[in-house]
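So you can see what is in the structure, the chains are spelled out below.
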Amino acid sequence: MEEITEGVTNINITDSHKKNRIQVSNTKKPLFFYVNLAKRYMQQHNEVELSALGMAIATVVTIAEILKNNGLAVEKKIMTSTVDMKDESRGRPTQKAKIEILLGKTENFDELMAAAAEEREAANAEEQS
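Note that this is a predicted model, so its numbers are computed, not measured.

**Q** I'd like a description of the overall build of the chain, backed by residues and values.
**A** Helix and strand content of the chain: five helices and four strands. The helix and strand sequence of the chain, counted from the amino end, reads α-α-β-α-β-α-β-β-α. Of all 129 residues assigned to the chain, the portion counted as buried reaches 29%. Across the chain, contacts joining residues at least 24 apart in sequence account for 68% of those joining residues at least 6 apart. Just so you have it, the chain exposes about 9300 Å², and 50% of that area is on carbon and sulfur atoms.

**Q** Can you lay out the packing of aromatic side chains for me, pointing to particular residues and giving the numbers?
**A** We describe a pair of aromatic rings using the distance from one ring centre to the other and the angle between the two ring planes. Within the structure shown, the criterion is met by one aromatic pair. Where Phe33 meets Tyr34, the ring centres are 5.4 Å apart and the plane angle is 80 degrees; that geometry is what we call edge-to-face. You can call Phe33 partly exposed: its relative accessible area is 35%. In this arrangement the basic side chain of Lys29 is found over the ring face of Phe33, its NZ or CZ atom lying 5.1 Å from the centre.

**Q** How would you explain unusual backbone geometry if you had to name every residue and give the values?
**A** With a phi angle near 70 degrees, Asn46 is a residue other than glycine that sits in the positive phi range. Mapped onto the secondary structure, Asn46 falls in the loop between helix 3 (31-45) and strand 2 (47-53).

**Q** For the environment of Ile78, give the residues involved together with the corresponding values.
**A** Summarising the element assignment, Ile78 is placed in strand 3 (residues 73-86). In sequence terms Ile78 and Leu103 are 25 residues apart; their C-alpha atoms lie 8.9 Å from each other. When sequence neighbours within four positions are dropped, the list of residues in contact with Ile78 reads Ile99, Glu100 and Ile101.

Conventions we followed
- Residues numbered from 1 in each chain as written.
- Predicted model: local features only at pLDDT ≥ 70, side-chain atom pairs only at ≥ 80, totals over all residues.
- Heavy atoms only, no water.
- Helix = DSSP H or I, 4+ residues; strand = E, 2+ residues; numbered from the N terminus.
- Buried < 20%, exposed > 50% of the residue type's maximum accessible area, 1.4 Å probe, protein only.
- Contact = heavy atoms within 4.5 Å.
- Areas by Shrake-Rupley, 256 points an atom, 1.4 Å probe, with all protein chains shown as cover.
- Phe/Tyr/Trp six-rings, centres within 6.5 Å; stacked < 30°, edge-to-face > 60°.
- Lys NZ or Arg CZ within 6 Å of the ring centre and 35° of its normal.

As structure tokens, this is what we get:
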């Protein structure tokens, strides 16, 4: 019981429950789900942290590049590391690559988002008429 208590006290709560962190999987959701979610997080928090393990790293890089190429985000920080995990099939410990990319809003982020919203409204009005 002491070990559990010790482990719980050592957990950095602010780090594990960041409100602007998106943990990306390359199997659970489509790419543009994460792109749109990242836009929403940047609107709310001015920055977003994209995080992924193993094979999902390519997906995170793609999301970051889409946001950067559209003029919505700037790279603030990129961190790489390895994480010790347990291999479910063999029951032995393995290491997985991890990436964390911190993106911030560009100066014209709000203008670009407003323009995109106007385009959507115009398209919707055109469909209805």
